[in-house]
Amino acid sequence: MAPPRNVVKIAVQMPDAIPQLIRLDQAKPLAAVLKEVCDAWSLDHSECYALQFADGHRRYITENNRAEIKNGSILCLSTAPDLEAERLLHGLQNGSRERRRETLHHFVLLAPDVTFAQEVISRDGLQRLGTIIEDGDDLGEVLTLALRAFLELMEHGMVSWETLSIPFVRKVVCYVNMNLMDASVQPLALRLLESVTLSSPALGQLVKSEVPLDRLLVHLQVMNQQLQTKAMALLTALLQGASPTERKHMLDYLWQRNLRQFIYKNIIHSATPLGDEMAHHLYVLQALTLGLLEPRMRTPLDPYSQEQREQLQALRQAAFQSEGESLSSGLSADRRRSLCAREFRKLGFSNSNPAQDLERVPPGLLALDNMLYFSRHAPSAYSRFVLENSSREDKHECPFARSSIQLTVLLCELLRVGEPCSETAQDFSPMFFGQDQSFHELFCVSIQLLNKTWKEMRATQEDFDKVMQVVREQLARTLALKPSSLELFRTKVNALPYGEVLRLRQTERLHQEGTLAPPILELREKLKPELMGLIRQQRLLRLCEGTLFRKISSRRRQDKLWFCCLSPNHKVLQYGDMEEGSSPPTLDSLPEQLPVADIKALLTGKDCPHVREKGSGKQNKDLYELAFSISYDHGEAEAYLNFIAPSKREFHLWTDGLSALLGSPMGSEQTRLDLEQLLTMETKLRLLELENVPIPEQPPPIPPPPTNFNFCYDCSIAEP
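Residues numbered from 1 in each chain as written. Predicted model: local features only at pLDDT ≥ 70, side-chain atom pairs only at ≥ 80, totals over all residues. Heavy atoms only, no water.

Caption draft 1: Main features of the sheet that holds strand β9 (residues 599-604). Spatially, three strands are ordered β9-β10-β11 in an open sheet, and the strand pairing comes out antiparallel. Only two strands of the sheet have a single partner each, and these edge strands are β9 and β11 (637-644). Averaged over all pairs of adjacent strands, the angle between their axes in this sheet comes to 25 degrees, without regard to strand direction. Note: β9 against strand β10 (residues 627-634), five bridges, orientation antiparallel. Looking at the pairing, Thr604 lines up with Phe628 of β10. (Pairing = 2+ DSSP bridges. Helix = DSSP H or I, 4+ residues; strand = E, 2+ residues; numbered from the N terminus. Axes fitted to C-alpha atoms, helices over the stretch in contact; angles between N-to-C directions.)

Take a look at the structure:
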């Protein structure tokens, strides 16, 4: 007979003792279970003991997490967390150097457990660890272990980073600024200062004033990927916490010290693959740098500004200098104003007064900056663009100013200028770090592309919006390829002419739409169940392969990883923590298990509990799109296993696979695309023999029955 639902069969082990095989009644108080286990081994004072999971992080069993105990779980009997915390803290205070080192090793192992962390923090354990860090008697392994234990305890969020003392923060800053320091200490010190900077504006200002940018540049130049990553993390945290003016000064100084060139040559093009965390920080650095353009983008032209009027005149004179000099001499003021207005019209402004065109925000003054940059850094291309279009009389002239204004808006949208930084995005462009003035240089390439596309389309003023749509597609497709340099971008975007864009559009449309003939639609409907079965099988195989997920806290982006996969028999989800860079684990090495039968529902987006409290800002939009959770029975309460997918594709694959396990329809966008692709391929294969044969909209009519049925064989007549 099967055991009751709330009874599980487990093993309990203890050093130098024979393991016990017991039936654990989940309805029985944990204290009573401990009493029975201790009595079996003749141990007194059961309140001095606790149960832990034997594998994984050896987490303590409490009334809150006991529902995670499943059939076949192996537990071990150990010292109660309060007594263990007291013992370890006593060892820190009164032990020798060797005992302190061993004690800190135990601290690091137990600190991820929330129960142990609560006991340590309640006994001023953070202050004792802080004293070790602040004293700095041992700058080697002891300091490394103390920093790691301190960080693990702080990551639980029970104590605010703002409570740290100024002398403590200054001491950690000293470890960052020291030249001869243990290689394992400085990454941890940088990580601690990053958390302080992101969580406390006041202490962030202290870190900013105490850690010179030159020191971070020194750390970035050390060929140690972990140290580089943590130095870049602190650098981006300082930039995010700075005011716009301070941020501009800091970035100007960094570019003067050739940070851009170093990142491009030694980090992006390093022999070591770029880690996810470094990719995120490069994305943040790119977004913050492009964000410096936002004030110009949001500022309209001031018609009363002498400087801006002179810039407009310089733009006009660069295009019509010789013509203006020969005609304006000896003319009256009214005649000169009329001539200037006509030349501004030739330049492509919609109004004779160009200030009216540049009052629109965005792009505001940023469009004027782009036009001036193009005229000064590519004068021959600028003159050729303006003159060849201003002298045309066939209504096919491309307006330079109007095109520049709209193109600036387009580039700001594609590069997300002024948008808040995402917490998880890694979508940086290597080209950005390979070129000074990357935005203006990109504009110079794009405006020449626009003129080329305009001529290929033989466009008129009425086709302006159509041309801009094609240019948007050309730029977006090329940027998605992540070219490593501006020259490579120029080559690739010029290899995508208007005719190729049309071909790509047609190909995609055929792949998406297919034919709409009723017989084909009927055939597709008959094929759908079989193909959906193939997709379901593929999704489950993907879950069996497993995926590496990243943990995200409510305070900041974390660098902790965990792995989850489905067992080959599709009955259990197995998961556990992992270190970055390690090989995928085996099923036997994953400590946690969740039976599929216990799963109640699949939640996505804002319904997930781990993103519900993060607000509705733009920076959380991508987090909502990648979040999903599994609700399952956790004793009498409901518990959740929370995920943040590494990409949109992985989000679709996992939500589809989990839906298939739960017997729900797979409704993701990826399933729709895969089904459409399979249907198109299968339909074409079935119709190969009917190539070039027109398929009628309606089936042919059934012919009338014959006048007699004498040709039918009479089965009742027996043959001789």
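There is more to say after this.
Caption draft 2: Structural view of the packing of helix α2 (residues 81-94) against helix α3 (residues 97-110). Axis separation between α2 and α3 bottoms out at 8 Å; the angle between their running directions is 145 degrees. For the crossing formed where α2 meets α3, the hand is left-handed. Seen from α2, the contacting residues are Glu84, Leu88, Leu89, His90, Gly91 and Leu92; seen from α3, they are Arg99, Arg100, Thr103, Leu104, His106, Phe107 and Leu110. The residue inventory of the contact of α2 with α3, partitioned by class, reads six nonpolar, four polar and three charged. (Left-handed = near helix turned anticlockwise from the far one by under 90°. Contact = heavy atoms within 4.5 Å. Nonpolar A, V, L, I, M, F, W, Y, C, P; charged D, E, K, R; others polar.)

Caption draft 3: Just the pairing of strand β7 (residues 572-578), in detail. Among the seven residues of β7, six are classified as buried, and the element is accordingly described as predominantly covered. The sheet contact formed by β7 and strand β8 (residues 592-595) spans four bridges and is antiparallel. Paired with Tyr575 across the bridge in β8 is Glu592. (Buried < 20%, exposed > 50% of the residue type's maximum accessible area, 1.4 Å probe, protein only.)

Caption draft 4: How the structure looks around the environment of Ser589. Along the chain, Ser589 falls in the loop between β7 and β8. Take Ser589: its relative accessible area is 44%, and that puts it in the partly exposed class. For Ser589, the side chain forms a polar contact with the main-chain oxygen of Thr586, separated by 2.8 Å. (Polar contact = N/O pair within 3.5 Å; in protein donor to acceptor, adjacent residues only side chain to side chain.)

Caption draft 5: Here's a closer look at the packing of aromatic side chains. Enumeration according to the criterion identifies 19 aromatic pairs in this entry. Ring centres of Phe374 and Phe400 lie 6.1 Å apart, and the angle between their planes is 25 degrees; this geometry places the pair in the stacked category. On the criterion of sequence distance, the pair formed by Phe374 in helix α19 (residues 365-377) and Phe400 in helix α21 (residues 400-415) is long-range, its members being 26 residues apart. Considered together, Phe374 and Phe400 belong to a single accessibility category, that of buried residues. Summarising the aromatic geometry, the rings of Trp562 and Tyr575 are spaced 5.9 Å apart at their centres and angled 80 degrees between planes, so their arrangement reads as edge-to-face. Linking Trp562 in strand β6 (residues 557-566) with Tyr575 in strand β7, this pair joins segments that are 13 residues apart in sequence. (Phe/Tyr/Trp six-rings, centres within 6.5 Å; stacked < 30°, edge-to-face > 60°.)

Caption draft 6: Structural context of the pattern of salt bridges. Applying the stated criterion across every chain, the model contains 40 salt bridges. The closest approach of N and O atoms between Arg296 and Asp369, which form a salt bridge, is 2.8 Å. One end of the pair, Arg296, is in helix α15 (residues 294-297); the other, Asp369, is in helix α19, and 73 residues separate them in sequence. When its relative accessible area of 17% is taken as the criterion, Asp369 is described as buried. (Salt bridge = Lys/Arg side-chain N within 4 Å of Asp/Glu carboxyl O.)

Caption draft 7: Structural view of the sheet that holds strand β4 (residues 74-79). If you walk across this open sheet you meet the four strands as β2-β1-β4-β3, and the pairing is mixed. The two strands at the open ends of the sheet, each matched to only one other strand, are β2 (20-25) and β3 (49-53). The mean inter-strand angle of the sheet, taken between neighbouring strand axes irrespective of direction, is 40 degrees. When β3 meets β4, the two strands line up antiparallel, connected through five bridges. By the bridge assignment, Gln52 is partnered in β4 with Cys76. Strands β1 (7-13), β2, β3 and β4 of the sheet are contacted by helix α1 (residues 30-40), whose axis makes an angle of about 100 degrees with β3.

Limitation: the analysis is restricted to geometry and does not speak to function.
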